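Residue-level structural notes
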Amino acid sequence: MSVTSAKGLHPRTQAVHHGTRRSQYGEMAEAIYLTQGFVYDSAAQAEARFVESGPDEFIYARYGNPTSRMFEDRMAALEGTEDAFATASGMAAVNGALFSLCAPGDHVVAARALFGSCLYVLDLLAKFGVEVSYVDGTDLDQWKSAIRPGTRAVFFESVSNPGLEVIDMKAVSDLAHSAGALVVADNVFATPVFSRAVELGADVIVYSATKHIDGGGRALAGVVCGTRDYIRGTLEPYLKHTGGAISPFHSWIMLNGLATMDLRVRAQADSAATIAKAMQGHPRLKQVIYPGLPDHPQYELAMRQMGSGGTMIALEVEGGKDAAFTTLDRLRIVRISNNLGDAKSIVTHPATTTHQRLSDEDKTRLGITPGLLRLSVGLEDAQDLIGDLRQALDH
Ligand SMILES: *Cc1c(COP(=O)(O)O)cnc(C)c1O
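From a predicted model like this one, the values you see are computed outputs, not experimental measurements. (Residues numbered from 1 in each chain as written. Predicted model: local features only at pLDDT ≥ 70, side-chain atom pairs only at ≥ 80, totals over all residues. Heavy atoms only, no water.)

**Considerations on the packing of helix α4 (residues 90–99) against helix α5 (residues 116–127)**
Two elements in contact, α4 and α5, have axes separated by 10 Å at closest approach and are oriented at 30 degrees. As the angle between them shows, α4 and α5 are arranged roughly parallel. The two elements α4 and α5 meet at a crossing, and its hand is right-handed. Seen from α4, the contacting residues are Met91, Val94, Asn95, Leu98 and Phe99; seen from α5, they are Ser117, Cys118, Val121, Leu122, Leu124 and Leu125. (Axes fitted to C-alpha atoms, helices over the stretch in contact; angles between N-to-C directions. Helix = DSSP H or I, 4+ residues; strand = E, 2+ residues; numbered from the N terminus. Parallel < 35°, antiparallel > 145°, perpendicular 65-115°, else oblique. Left-handed = near helix turned anticlockwise from the far one by under 90°. Contact = heavy atoms within 4.5 Å.)

This is the structure:
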């Protein structure tokens, strides 16, 4: 087996080539090793491999697989980490990243503005004896007073779902590191394209690959990036025994996604900027929230941290839930769904779907108002999307 290394080259080059493993047949495209098991030449070889397996020695697909290893190596190269572990979904990645780190009695500080399932995992940690403190992620004073010596980890979405609050990764990482805590960042909304997470101090970077990495809304997957010590020493034992492994077929879908991710995400972010600007001041909108608009509270931070406002926009419709639903129902191009990062533009009503589980008080605190819509901008023509949004709002 030969392995292609594109480390040190431009991310676009890495995203096409890095980590490609070729068999003796020299296949051009990445092969799908759709096998759960691997044959040993002898009993002694099996024994040795269970003691320690080399980078191209596999045991069982729950532990690792050649196609999945290609995806992991490519993600690590793109993110600038030593290693990565691919998982069955973004939530398996979040769960693995946090549960593998924490023990009862540990302390975790988390930003309050999180995706509903991330909040569920934190509640679960608390149920097993981990103390979880929540802060307003945009308020550094709150991070400062919540992080204490012995805090095990901090957790945040670098751009929050759905409110698009931007967390100052560098400042929060400095605070965490001075207390000896690890920084675990859910970086989905920033995307690997606009990520500078390692440079800004994140220790563990988590992606739902279901989103921009796939880019076509086909398959669930996740990935955790970090040091080799953390990935192989802490995370892998947890995930390989608890069953969060990715399917080799899904790894292959993600490898194909990565090849076009840079082009797609940049085009989607360009359209999002155009759309956000065009929708600003629309009489039926209370607010247009987009980190790439100068009136966004963390505009400068977003530009410094990502160099882009990203592919997501939040729109608050005047008139609450009824007006929001009418708008959704009138859209012709933008589809009602709850994925994001897809080539197809998608709109979500967080208050009644992804964030339904939250109390009214929490919804209000996170800005998840009855009129709020979350728009994931796809690859359609931006003017067509603006036209669609306008005709839906002008009812
Ligand atoms: C979608 C999402 C997840 C979960 O990913 P799945 O692949 O759906 O399990 C986690 N965090 C954020 C910010 C997300 O948007």
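**Concerning the pairing of strand β3 (residues 83–87)**
Burial runs high along β3: 5 of the 5 residues are buried. Burial along β3 is two-sided: Asp83, Phe85 and Thr87 facing one way and Ala84 and Ala86 facing the other are all buried. Taken together, the 5 bridges between β3 and strand β9 (residues 222–226) define a ladder with antiparallel strand orientation. Each bridged residue has a counterpart across the sheet, and for Thr87 the counterpart in β9 is Gly222. (Buried < 20%, exposed > 50% of the residue type's maximum accessible area, 1.4 Å probe, protein only. Pairing = 2+ DSSP bridges.)

**Overview of the packing of aromatic side chains**
On inspection of all chains with the given rule, the structure shows 6 aromatic pairs. Pairing Phe99 with Phe128 gives two aromatic rings, centres 6.3 Å apart and planes at 80 degrees, and the pair type is edge-to-face. On the criterion of sequence distance, the pair formed by Phe99 in helix α4 and Phe128 in the loop between α5 and β5 (131–135) is long-range, its members being 29 residues apart. On the accessibility criterion, Phe99 (18% relative accessible area) is buried. (Phe/Tyr/Trp six-rings, centres within 6.5 Å; stacked < 30°, edge-to-face > 60°.)

**A look at the nonpolar core**
Membership of the largest hydrophobic core comes to 62 residues, with the highest contact counts inside it found for Phe71, Met75, Trp143, Val154, Phe156 and Ile213. Examining the composition of this core, we find that 7 residues originate from one element, helix α9 (residues 248–279), more than from any other. Residue assignment places this core across two domains, with domain 1 (11–257) and domain 2 (262–394) each supplying three or more. Other than its neighbours up to four places away in sequence, Trp143 contacts Val109, Ala110, Ala111, Val135, Asp136, Gly137, Val154, Phe155, Phe156, Val172 and Leu175. Among the nonpolar cores identified, the runner-up in size contains 33 residues, and Cys102, Val108, Val132 and Tyr230 belong to it. (Core = buried A, V, L, I, M, F, W, Y, C linked by side-chain atoms within 4.5 Å. Domains from an automatic or database assignment.)

**Section: the site of the ligand**
Around the ligand sit 16 residues, and of these Gly90, Asp186, Ser208, Thr210 and Lys211 come closest. Asp186 places a polar side-chain atom, nitrogen or oxygen, 2.6 Å from a nitrogen atom of the ligand. Note that an oxygen atom of the ligand is positioned 2.8 Å from one of the side-chain N or O atoms of Lys211. The fraction of the free accessible surface of the ligand (380 Å²) that becomes covered by protein chains is 91%. In the shell around the ligand, the residues fall into 8 nonpolar, 5 polar and 3 charged. (Near = heavy atom within 4 Å. Polar contact = N/O pair within 3.5 Å; in protein donor to acceptor, adjacent residues only side chain to side chain. Areas by Shrake-Rupley, 256 points an atom, 1.4 Å probe, with all protein chains shown as cover. Nonpolar A, V, L, I, M, F, W, Y, C, P; charged D, E, K, R; others polar.)

**Section: the UniProt feature "modified residue: N6-(pyridoxal phosphate)lysine" (unreviewed entry) in the protein**
According to UniProt, the positions carrying the feature "modified residue: N6-(pyridoxal phosphate)lysine" (unreviewed entry) are Lys211. Among the structural elements, Lys211 can be located in the loop between β8 (204–208) and β9. Sequence-distant contacts of Lys211, defined by excluding residues within four places in its chain, comprise Val188, Asn339, Leu340 and Gly341. (UniProt positions renumbered as here; feature names shortened; annotations may be inferred.)

**Observations regarding the sheet that holds β9**
Taken in spatial order, the 7 strands line up as β3-β9-β8-β7-β6-β4-β5 in an open sheet, and their pairing is mixed. Strand pairing shows two members of the sheet lacking a second neighbour, β3 and β5, which therefore form its edges. This sheet shows a mean twist of 20 degrees between the axes of neighbouring strands, independent of strand direction. Of the pairings in the sheet, the one linking strand β6 (residues 151–157) to strand β7 (residues 182–186) comprises 5 bridges and is parallel in character. Its bridge partner being in β7, Phe155 is matched across the sheet by Val184. Packed on one face of the sheet, helix α3 (residues 66–79) meets β3, β8 and β9 and runs near 130 degrees to β3.

**Notes on the sheet that holds strand β10 (residues 285–289)**
Spatial ordering of the open sheet is given by β10-β11-β14-β13-β12, a layout of 5 strands whose pairing is mixed. Only two strands of the sheet have a single partner each, and these edge strands are β10 and β12 (335–336). Relative to strand β11 (residues 312–317), β10 runs antiparallel, the two being bridged by 4 bridges. Of the residues in β11, the one forming a bridge with Ile289 is Ala314. Against the sheet, helix α11 (residues 320–330) contacts β11, β12, β13 (346–348) and β14 (372–376), and its axis sits at roughly 125 degrees relative to β11.

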